[in-house]
Every structure is written in structure tokens, then in C-alpha cells.
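Descriptive structure summary
Next come the chains, spelled out residue by residue.
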Amino acid sequence: MLTRVCSICGKIHPQGQPCPQASRRHKEYDTEHRDKGADQFYHGVAWRKLRRIIMSLANGLDEYELYANNHIVRADTVHHIEPLEDDPDKAYDATNLIAVSRKTHAKIHEAYSRSKTDRNAIKSILKRIARQHAGGGV
């Protein structure tokens, strides 16, 4: 049986089985960190549908890792290149969305917070990647 180290709890789980702590972690984040407007957005039907489309167009892969580093990594997050709080009009714009892993998502937000130059550089790369899948008919 194949196993993996869980990115949520750090324990070893059978491959393909979700972490039993995952739902608790998501609820904790929603109640303690996410603002209520974003909470409603991310739990809405329209976002869930669009998220599935973006993940499907990316074949479930981390688009940044594939494009920038030629690594195949499973995606589990859809990232807004222009954050919702900065530009709410782009919330459902496919050219503003990219499928990434949690690790890449953290790296992106780290670059966003480092400097305006780093933020603009990574946004430029992400926008190029997003335009590729958005041209596919979304």
C-alpha cells in the first residue's frame, strides 16, 4: 500500500485517502481568518463550478510548477492573481485564475508581500499561464 505524508496534519495516510483533519482545518480557517464576504463567495455555487472548470482545464496540475519548473505537482487550490479585495470585478474572470498546490499558493503570497517588484513579476508570469487555459473556451 502506498502512503503519503499529509500536508495538513503531518501524519502518514494511505495514498488517495483524505486527511480526517481536513474539514476541521477548513472550518477553523473560515471562522477565524477569512472575512465573511469572502466566506460567502468561496462557498457559493458559481465559485464551485468555476473552480471545477479551472481545475479541469489544468488537468488537476499545479500550472505554475509545470510552466515555471517543469514539475508535475497536483493542484488543490485555485488562486486569484488579482486578489478579490483588490479587484472584486475579476472574481469570476478565468484569466485571473490559476490552479496551484498549497505550497505554490504560499510561495505566491510570500512574493506578493515581499515587494511591489516581486508582486508584479509573479503576477506577470501567472497571467501568462492563465491566458493559456482561458483561451481554451472558458
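For the structure, see preceding data.
Residues numbered from 1 in each chain as written. Predicted model: local features only at pLDDT ≥ 70, side-chain atom pairs only at ≥ 80, totals over all residues. Heavy atoms only, no water.

Right, let's talk about the packing of aromatic side chains for a bit. In total, this model carries 4 aromatic pairs according to the counting rule given. Here the aromatic rings of Phe-41 and Tyr-92 are separated by 5.1 Å at their centres, their planes lie at 50°, and the arrangement is tilted. Residue Phe-41 is found in helix α2 (residues 36–42), and its partner Tyr-92 is found in the loop between β3 (77–80) and β4 (97–100); the two are separated by 51 residues along the sequence. According to the relative accessible area criterion, Phe-41 is buried, its value standing at 12%. Accessibility expressed as a relative area gives 45% for Tyr-92, which makes it partly exposed. (Phe/Tyr/Trp six-rings, centres within 6.5 Å; stacked < 30°, edge-to-face > 60°. Helix = DSSP H or I, 4+ residues; strand = E, 2+ residues; numbered from the N terminus. Buried < 20%, exposed > 50% of the residue type's maximum accessible area, 1.4 Å probe, protein only.)

Before going further, it helps to spend a moment on helix α3 (residues 45–57). Given a rise of 1.5 Å per residue, 13 residues ought to cover 18 Å, and the 19 Å separating the end C-alpha atoms of α3 matches this to within 8%. Among the residues trailing α3, Asn-59 stands out with phi positive, at a value near 55°. (Expected span 1.5 Å × (residues − 1).)

Our next topic: the environment of Val-73. Topologically, Val-73 is positioned in the loop between α4 (63–69) and β3. On the basis of relative accessibility, which here comes to 28%, the residue Val-73 falls in the partly exposed class. Here Val-73 is in contact with Gly-60, Leu-61, Asp-62, Glu-65 and Ser-101, once residues within four sequence places are set aside. (Contact = heavy atoms within 4.5 Å.)

This brings us to unusual backbone geometry. For residues other than glycine, phi is negative in most cases, and the peptide bonds are mostly trans. Phi is positive for Asn-59, close to 55°, though the residue is something other than glycine. Locating Asn-59 in the fold gives a position in the loop between α3 and α4. For Asn-59, a relative accessible area of 65% corresponds to the exposed category. For Asn-70, which is not a glycine, the phi torsion comes out positive at approximately 55°. Relative to the elements of secondary structure, Asn-70 occurs in the loop between α4 and β3.

Tracing the chain through its elements places Glu-65 in helix α4. Classification of Glu-65 by relative accessible area gives buried; the value is 8%. Setting aside chain neighbours within four positions, we find Glu-65 in contact with Asn-70, His-71, Val-73, Thr-104 and Lys-107.

All right, on to the environment of Cys-6 then. You can see Cys-6 is positioned in the loop between β1 (3–5) and β2 (12–14). Here Cys-6 falls in the buried class, since its relative accessible area comes to 4%. Along the backbone, Cys-6 and Pro-18 are 12 residues apart, and their C-alpha atoms lie at a distance of 8.7 Å. Ignoring anything within four residues of it in the chain, the contact list for Cys-6 reads Lys-11, His-13 and Cys-19.

Another aspect to go through is the pattern of salt bridges. Oppositely charged side chains may form a pair once their charged atoms are brought near each other. What the rule picks out here adds up to 7 salt bridges. A salt bridge links Asp-86 to Arg-119, with the shortest nitrogen-to-oxygen separation between them at 2.8 Å. A residue pair is termed long-range when its members are at least 10 positions apart, and Asp-86 in the loop between β3 and β4 and Arg-119 in helix α6 (residues 116–134) qualify at 33 residues. Its relative accessible area of 47% is what places Asp-86 among the partly exposed residues. (Salt bridge = Lys/Arg side-chain N within 4 Å of Asp/Glu carboxyl O.)

Nothing here speaks to function; it is geometry throughout.
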